[in-house]
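Per-entry structural report
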Amino acid sequence: MKRIYFDNNSTTRLHPEVLEKMLPYFRDTYGNASSIHWFGQEARRGMDRARERVANLIGASSDEIVFTSGGTEADNQALLGITDAIGKPGSRIITTAIEHQAVLNSCRFLEKKGFLVTYLPVDSRGRIDTGTLADSIDDDVILISIMLANNEVGTIQPVREAAELAKSKGILFHTDAVQAAGRIPIDVRQLGVDLLSLSGHKFHGPKGCGALFVRSGIPGPVLIHGGHHERRMRAGTENVSAIVGFGQASVLAGMRLKDTYTLVGFLRDRLEKGILERVAGVKVNGCPELRLPNTLNVSFDDVDAQLLVMNLDLMGIAVSTGSACQSDTREPSYVLSAMGCSIEQASSAIRFSLGADNTAEEVDFVLNTLPELVEELRH
Ligand code: PLP
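Let me sum up the structure you'll find in this document. No experiment lies behind these values; they were computed from the predicted model shown.

1. Focus on the overall build of the protein chain
Helix and strand counts for the protein chain come out as 13 helices and twelve strands. On C-alpha atoms alone, the protein chain measures out to a radius of gyration of 21 Å, which is about the 21 Å that the 2.2 N^0.38 rule sets for 379 residues. For the protein chain, with 379 residues in total, the buried portion stands at 56%. For the protein chain, contacts bridging at least 24 residues in sequence account for 74% of all contacts bridging at least 6. Carbon and sulfur atoms provide 52% of the accessible area of the protein chain, an area that totals close to 16000 Å². Here the protein chain contributes 39 positive and 47 negative side-chain charges, whose respective centroids are spaced 5 Å apart.

Here's what the structure looks like:
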């Protein structure tokens, strides 16, 4: 059976060129990047190159990149590290109700430690209102964390305006750019953010490798304590081969950003248009104008989304009901609930997330398969 992968917001296929770049670091140059002999120095050089490449993807300088084990760790480091560096009990953090759990559960942990957290609401398209943000700021706020693009519906937030507001009040600003990186252009200077989280496996790099951009001059957030790695901001022997792969994935993502994602956007729009034409009782969730080009979240009236995902899988089509991290729960999506969807709409929503490998034929196969499946499930 031909298999179609429309779940790129969960993870992406490792690019063959990325794998090629990684292999020598398992086989030959396997030194510890802190060692002074040849093996160590070769590993160090590979890591330095990767650091520059990751920095280039987001317009940062290489000494502002701290490698982590992925997006979750980068988010934890930003929130827990900054509150540890500059917070005191009673300090406040502002975030949104639709962040990834890596941010939300870090905030809940901080609430237990005596910090206060404001969760900004979003409108029916998943956007925050910068006026509401401005009204929530007071002297106790030390950090604002607002994601660049949402993983379930793809909505892009007004991060530049929000970061400007934070700067004008002397508040540090973090953005989770895990889903945005490699899909829309990112420039940390233009965005005006102090901290930004990335994850390699969302743009054809290896799993278990990410980075936190830490703007020069801000207090260094530390989450993992130990040796002097990563300019004392993240202890632990570096995962050199994965970091090298992450660097190569960043080069490819930067090169392909415009063309690939224009094409992916066409495919996503073709899929969306086709579903709206061929299936009655559907609602597209998210912000049509400000949305990741690869993401389509749709509710199908009177359909159990889990059953639809399983039935599509039987036909060789991989999609998801939303966040991969929540796929083990039957709870309706908190993102869709925050956007005002009813429990029925939230429980009948599936996410198609396309990628650079997808084709128009695959979209058409889905369009030919889906209407009948939806009809069957409705009966
Ligand atoms: N932030 C967002 C918006 C995500 O979508 C994800 C993963 O789905 C993460 C953070 C966590 O990244 P990682 O899987 O690298 O830990």
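2. Description of the site of the ligand
As a structural note, the neighbourhood of the ligand is formed by 13 residues, with Gly71, Thr72, Asp176, Ser199 and Lys202 the closest of them. In the model, an oxygen atom of the ligand is placed 2.8 Å from a nitrogen or oxygen of the Gln179 side chain. At a separation of 2.6 Å, an oxygen atom of the ligand approaches a polar side-chain atom of Ser199. Contact with the protein chains covers 88% of the free accessible surface of the ligand, which is 390 Å². Element by element, the count of residues in the shell around the ligand is highest for helix H3 (residues 71-86), at three residues. Broken down by class, the residue content of the shell around the ligand amounts to two nonpolar, eight polar and three charged.

3. Side note on the packing of aromatic side chains
Evaluation of the coordinates by the stated rule reveals four aromatic pairs. Both rings, one in Phe67 and one in Phe246, keep their centres 6.1 Å apart while their planes meet at 70°; by these two values the pair is edge-to-face. With Phe67 in strand E2 (residues 65-68) and Phe246 in helix H9 (residues 240-278), this residue pair connects regions lying 179 residues apart in the sequence. Considered together, Phe67 and Phe246 belong to a single accessibility category, that of buried residues. Counting every residue linked through ring pairs, the aromatic cluster contains Tyr30, Trp38 and Phe39.

4. Re the side chain of Arg291
Relative to the elements of secondary structure, Arg291 occurs in the loop between strand E9 (282-285) and strand E10 (295-300). When its relative accessible area of 8% is taken as the criterion, Arg291 is described as buried. At 2.8 Å, the side chain of Arg291 forms a polar contact with the side chain of Glu272. Residues contacting Arg291, with those up to four places away along its chain left out, are Val153, Gly154, Thr155, Ile156, Arg268, Glu272, Val284 and Leu296.

5. Things to note about the packing of H9 against helix H13 (residues 360-378)
Two elements in contact, H9 and H13, have axes separated by 10 Å at closest approach and are oriented at 20°. Comparing the axis directions of H9 and H13 gives the class roughly parallel. Helix-helix and strand crossings are classified by hand; for H9 and H13 the assignment is right-handed. Mapping the contact onto sequence places Leu267, Arg270, Leu271, Gly274, Ile275 and Arg278 in H9 and Ala360, Val363, Asp364, Val366, Leu367, Asn368, Leu370 and Pro371 in H13. Taken together, the residues of the contact of H9 with H13 sort by class into nine nonpolar, two polar and three charged.

6. Quick look at the environment of Pro219
With respect to the helices and strands, Pro219 occurs in the loop between strand E8 (210-214) and helix H8 (229-232). Sequence separation between Pro219 and Cys341 is 122 residues, and the spatial gap between their C-alpha atoms is 40 Å. The contact partners of Pro219, leaving out residues within four places of it in the chain, are Ile82, Ala85, Ile86 and Leu172.

Rules and cut-offs
- Residues numbered from 1 in each chain as written.
- Predicted model: local features only at pLDDT ≥ 70, side-chain atom pairs only at ≥ 80, totals over all residues.
- Heavy atoms only, no water.
- Helix = DSSP H or I, 4+ residues; strand = E, 2+ residues; numbered from the N terminus.
- Rg over C-alpha atoms; globule rule 2.2 N^0.38 Å.
- Buried < 20%, exposed > 50% of the residue type's maximum accessible area, 1.4 Å probe, protein only.
- Contact = heavy atoms within 4.5 Å.
- Areas by Shrake-Rupley, 256 points an atom, 1.4 Å probe, with all protein chains shown as cover.
- Lys, Arg positive; Asp, Glu negative; His and termini not counted.
- Charge placed at Lys NZ, Arg CZ, Asp CG, Glu CD.
- Near = heavy atom within 4 Å.
- Polar contact = N/O pair within 3.5 Å; in protein donor to acceptor, adjacent residues only side chain to side chain.
- Nonpolar A, V, L, I, M, F, W, Y, C, P; charged D, E, K, R; others polar.
- Phe/Tyr/Trp six-rings, centres within 6.5 Å; stacked < 30°, edge-to-face > 60°.
- Axes fitted to C-alpha atoms, helices over the stretch in contact; angles between N-to-C directions.
- Parallel < 35°, antiparallel > 145°, perpendicular 65-115°, else oblique.
- Left-handed = near helix turned anticlockwise from the far one by under 90°.

That is the geometry; function is a separate question.
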